[in-house]
Amino acid sequence: MANALNRHEGLSPHAFTPAIIRRDAFGPRAAFRGFVAEVDGRLVGYASFLPGYNTDIALAELWMLDLFVVPSERGRGIGRALVRAVARETVRRRLTCLEWGVRGRNTRARRFYRRLGARIGRAPRVASLIGRPLRALAR
């Protein structure tokens, strides 16, 4: 899935291998965590995240690295469910901030994130769920 996102973004389509994913997401020193979405036993989306710190507001946070849903499954609530899962993990960890990047040219994603309650900064484009909007989505 990460390679599908890389292809979608025009990046190296073969950066991730199953061995790298097992090592970096599931190994004893996991660099990141993630959630996956399935439809009829098929993997159709994922969200990956890691802990971070936002120096602008002096708070620990979760940073969502990737959100991807295969094009044929978009518009069915899968992306929302994945972001909600990451929001719930943020709240479960007693953090009050979830942030992620969004490309300026990706107007569909920016609309989607705003519908979730996210605030999107100017440049670079960073979307945030902080406080009440984060808790509302996590419910």
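Only a predicted model underlies this, so the values are computations on that prediction, with no experimental measurement involved. (Residues numbered from 1 in each chain as written. Predicted model: local features only at pLDDT ≥ 70, side-chain atom pairs only at ≥ 80, totals over all residues. Heavy atoms only, no water.)

Caption draft 1: The arrangement of a positive patch on the surface in detail. A surface patch of like charges, here positive, comprises Arg-80, Arg-108, Arg-111 and Arg-115. The dominant element in the positive patch, judged by the number of residues it contributes, is helix α4 (residues 107-115), at 3 residues. Along the chain, Arg-108 falls in helix α4. (Patch = residues over 30% accessible without salt bridge, like charges linked within 9 Å, V, L, I, M, F, W, Y side chains within 5 Å. Areas by Shrake-Rupley, 256 points an atom, 1.4 Å probe, with all protein chains shown as cover. Salt bridge = Lys/Arg side-chain N within 4 Å of Asp/Glu carboxyl O. Lys, Arg positive; Asp, Glu negative; His and termini not counted. Charge placed at Lys NZ, Arg CZ, Asp CG, Glu CD. Helix = DSSP H or I, 4+ residues; strand = E, 2+ residues; numbered from the N terminus.)

Caption draft 2: Here's a closer look at the side chain of Glu-73. Here Glu-73 is to be found in the loop between β3 (59-69) and α3 (78-92). According to the relative accessible area criterion, Glu-73 is buried, its value standing at 6%. Within the structure, Glu-73 has its side chain in polar contact with the side chain of Arg-42 (distance 3.1 Å). In this view, Glu-73 contacts Val-39, Arg-42, Val-44 and Ile-78; residues no more than four positions away in its chain are not counted. (Buried < 20%, exposed > 50% of the residue type's maximum accessible area, 1.4 Å probe, protein only. Polar contact = N/O pair within 3.5 Å; in protein donor to acceptor, adjacent residues only side chain to side chain. Contact = heavy atoms within 4.5 Å.)

Caption draft 3: Just the pairing of β3, in detail. Here 10 bridges tie strand β2 (residues 42-54) to β3, and the two strands are oriented antiparallel to one another. What sits directly across from Pro-51, in β3, is Leu-62. Connecting β2 to the antiparallel partner β3 that follows it, the hairpin turn spans 4 residues, and Ala-58 within it adopts a positive phi of roughly 55°. When β3 meets strand β4 (residues 97-101), the two strands line up parallel, connected through 3 bridges. Along β4, the bridge assignment pairs Trp-63 with Glu-99. Taken together, β3, α3 and β4 form a β-α-β motif whose crossover is right-handed. (Pairing = 2+ DSSP bridges. Right-handed = clockwise from strand over helix to strand, strands pointing away.)

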